[in-house]
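Below are the chains, spelled out letter by letter.
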Amino acid sequence: MNPEKRKAWWRESRFGMFIHWGIYSLLGKGEWVMYIDRIPVKDYEKLAEEFNPVRFSADEWVKIAKDAGMKYIVITSKHHDGFSMFKTEVSSFNIVDGTPYGRDIMAELSKACEREGIKLCFYYSHVREWRHPHAQSIEVLEPGLCGNFGNFWDYRDERSKNLQIYLDEFVKPQLKELLTNYGPIGIIWFDTPSLIRPEQAQEVVELVRELQPECLINSRVCDNESVDYDYLSLGDCEIPGIPASMDWETPMTICSWWGYNTQPDNKYRSPVEIIRQLVDIASLGGNYLLNVGPDPAGVIPEEAQALLKIMGEWMKINGDAIYGTKGSPFEKQPSWGRITWKDKYLYLHIYEWQKRISLFGLKNTVKRCRLLLAPDCNILFKQTNDEAFGFSRLEIDLPEIEPDPYCTVLVAEIDGTPDIDQTMIQDDSGIIRLPALQASLHRESEDSSVKISRSGAISDWFYTEDWVSWEFIVTKPGDYDIYLFVKSGRGRQKWDYGHEAEIKINNRKLTCTIDEDIKDRTSDIPLKIFAGRISYDTALRDKAELRALKINRRNLKGLQLLSLEIIPADK
Ligand code: JFZ
């Protein structure tokens, strides 16, 4: 099966529902409760005797997903607790044989999804499990540091665990059932591969390919790149800082937890947050898999339903700007919002409504512009070419209407595939943001490993021989303050600081120290380091060169630069 063909429906979908549901919902403390409370298997399995979700309705869940604009559903068929949410011959610890409910919800979901044209997909925890004595537990967290995320309270002797037994006796027979008994499956969404060996994982992949060649497999099947998969699952709730060159998906919670949680600290996201997450991710070329955690009765919590209803209302008007689109053709996102595109249409997702927006570097001719929420509204725009610097500018006058409270989409029809001059030009905000992603990396150390990480920061910058530079156009003379934005640690995550930097810009040389009182730093908000003030007397092309005079790397993080910013002194 051609991987491109296999992924076509998934790329078109862009937006799916994740569902974490299991007997753990009875305790209202999320899907890790068995591990966190070290509940012995013999006690945990008693939960199944209480599980009777009489209010479950497959039709209702599928309608909620479809009305929200979601095109696929990934539901936990078996999570780390080892309870199977489907009829299985492998273990009686399952929803049909092991609970008073006795119904196979996956069979009901399969029929409802088929009726409504929604792809049914299964999450499956194939390595980490707390019930089976041979499931994996030790995990390598980083060089020299391991974590034990298996059941070490019932099964203390790690040496007696044999993952192959678990894979052969439990996992593979269950995958056969999941890929035989429920019709066409869109994805097997593997999770937490821990220490499964590549050859073991490849056998699992081959089994899926053999049973359903069109079924997608995500990257969490194995941590080793040699094993075949179809797309990258980012870290939980991870939104990258860079457009990815491969297919990827962000799994996102709609509140603080994946599984049903009644704790007071469980907070739901806002409508603007989830809508802009969807747009941010689509503008980077990814899929958004938004999770709900149904309660023990089988009901999706009201707060989640309310958010999904708002999302659906937005998608009804703006879905064209998401489905089947590609990430922004502009390397630099505009200050007013995000961009997606498909065919001959650029979709301008406007977060900050204003009188006029500009777009620089578009070489295409724009034929017409219209608002998705008001297609008949006449939109005035003009395209000019700057004589001095030769860059093109599209200016669009935004009408005096009530914009969408979350994101207003304007579609610009152009004369073909986007053709962009990626030169960095000062935009209407006056700020010139030079992202690491668009820097020229000068790797002049023979041990250089400097690169751009998924977060969009320069990473592995350990040697002062390496340096970075940008070229850009200043259109507005004036005084500007120069800042470095540097990625730092969050909570217990370590980072490095105390670096010395030198910036050459506008024939000036500025220096600064990248430091911070580490003990107080708990958020991952970037460090904003002032380097100095410069003046531009005229519009010009300029170049910024950033060198490190000193780099600390005690935590093997080095200088993690996110951007250099040239900010009008009066801002
Ligand atoms: C795993 C599960 O442990 C969790 O319960 C949930 O199902 C989530 C979707 O997946 O948790 C992870 C897995 C991977 C990362 C973080 C949490 N990661 O790669 O950062």
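Procedures and definitions
Residues numbered from 1 in each chain as written. Predicted model: local features only at pLDDT ≥ 70, side-chain atom pairs only at ≥ 80, totals over all residues. Heavy atoms only, no water. Near = heavy atom within 4 Å. Polar contact = N/O pair within 3.5 Å; in protein donor to acceptor, adjacent residues only side chain to side chain. Areas by Shrake-Rupley, 256 points an atom, 1.4 Å probe, with all protein chains shown as cover. Nonpolar A, V, L, I, M, F, W, Y, C, P; charged D, E, K, R; others polar. Core = buried A, V, L, I, M, F, W, Y, C linked by side-chain atoms within 4.5 Å. Buried < 20%, exposed > 50% of the residue type's maximum accessible area, 1.4 Å probe, protein only. Helix = DSSP H or I, 4+ residues; strand = E, 2+ residues; numbered from the N terminus. Domains from an automatic or database assignment. Contact = heavy atoms within 4.5 Å. Axes fitted to C-alpha atoms, helices over the stretch in contact; angles between N-to-C directions. Parallel < 35°, antiparallel > 145°, perpendicular 65-115°, else oblique. Left-handed = near helix turned anticlockwise from the far one by under 90°. Pairing = 2+ DSSP bridges. Buried area = accessible area lost by both parts, 1.4 Å probe. Salt bridge = Lys/Arg side-chain N within 4 Å of Asp/Glu carboxyl O.

(A) Layout of the site of the ligand. What surrounds the ligand is a group of 14 residues, the closest being His20, Glu31, His79, His80 and Asp191. One of the side-chain nitrogen or oxygen atoms of histidine 20 is found 2.7 Å away from an oxygen atom of the ligand. One of the side-chain N or O atoms of aspartate 236 is found 3.3 Å from an oxygen atom in the ligand. When the ligand sits alone it has 450 Å² of accessible area, and the protein chains cover 72% of it. Residues belonging to the shell around the ligand are distributed by class as follows: four nonpolar, five polar and five charged.

(B) Here's a closer look at the nonpolar core. Residues Met17, Ile75, Ile188 and Leu290 are the most contacted members of the largest nonpolar core, which totals 101 residues. It is helix H6 (residues 163-178) that contributes the most residues to this core, seven residues altogether. Domain assignment of the residues forming this core places at least three in each of domain 1 (3-317) and domain 2 (328-422). The residues touching methionine 17, leaving out its near neighbours within four places in the chain, are Ile64, Ala65, Met70, Tyr72, Ile73, Val74, Leu289, Leu290, Val292, Ile300 and Leu308. Grouped together as the second largest cluster of nonpolar side chains are 36 residues, Ile432, Val468, Leu510 and Leu559 included.

(C) Representation of the packing of helix H8 (residues 271-283) against helix H9 (residues 302-318). Interhelical geometry of H8 versus H9 gives an angle of 50° and a closest axis separation of 9 Å. When the interaxial angle is binned, H8 and H9 end up oblique. Judged by the twist between their axes, the crossing of H8 over H9 is right-handed. Contact residues: H8 offers Pro271, Ile274, Ile275, Leu278 and Val279, while H9 offers Leu307, Ile310, Met311, Trp314 and Met315. Looking at side-chain class alone, the contact of H8 with H9 contains ten nonpolar, no polar and no charged residues.

(D) Here's a closer look at the sheet that holds strand S15 (residues 380-385). Strands sit in the order S13-S16-S15 across an open sheet of three strands; the sheet is antiparallel. Looking at the sheet topology across the chains shown, the edges are occupied by strand S13 (356-360) and S15. Across this sheet, the average inter-strand angle for adjacent strands is 15°, counted without regard to direction. Here S15 pairs with strand S16 (residues 392-397) via six bridges, running antiparallel. If you follow glutamine 383 over to S16, its bridge partner there is leucine 394.

(E) Seen up close, unusual backbone geometry. In this structure, arginine 38 takes a positive phi of about 50° despite not being glycine. You can see arginine 38 is positioned in the loop between helix H2 (33-36) and helix H3 (41-44).

(F) Summary view of the domain arrangement of the protein chain. Taken domain by domain, the protein chain holds domain 1 (3-317), domain 2 (328-422) and domain 3 (432-568). Computed over C-alpha atoms only, the centres of domain 1 and domain 3 are separated by 39 Å. Each side of the interface is counted separately: domain 1 has eight residues, and domain 3 has six residues. Here domain 1 packs against domain 3, burying approximately 510 Å² in sum over the two surfaces, 58% of which is carbon and sulfur. Where domain 1 meets domain 3, there are one salt bridge. For arginine 454, the salt bridge identified is with glutamate 238, shortest N-O distance 2.6 Å. Run the count over domain 1 and domain 3 and you get two residue pairs in polar contact (both at pLDDT 80 or more). Residues of the side of domain 1 that touches domain 3, tallied by class, amount to five nonpolar, two polar and one charged.

(G) Fine view of the pattern of salt bridges. A full pass over the atoms with the stated rule returns 42 salt bridges. Of the charged contacts, one joins glutamate 116 and lysine 66 as a salt bridge, the two residues approaching to 2.9 Å between their closest N and O atoms. Remark: lysine 66 occurs in helix H4 (residues 58-67) and glutamate 116 occurs in helix H5 (residues 105-116); sequence separation between them is 50 residues. Across the pair arginine 269 and glutamate 273 runs a salt bridge whose closest N-O atoms are separated by 2.9 Å. With a relative accessible area of 18%, arginine 269 lands in the buried category. Taken together, the shared-partner salt bridges connect Arg356, Lys382, Arg393, Glu395, Asp397 and Asp428 into one network.

(H) Region of the structure containing the pairing of strand S6 (residues 187-191). Extensive coverage of S6 is indicated by the burial of five of its five residues. The alternating pattern of S6 places Ile187, Trp189 and Asp191 and Ile188 and Phe190 on opposite faces, both of which are buried. When strand S3 (residues 119-125) meets S6, the two strands line up parallel, connected through four bridges. Its bridge partner being in S6, phenylalanine 122 is matched across the sheet by isoleucine 188.

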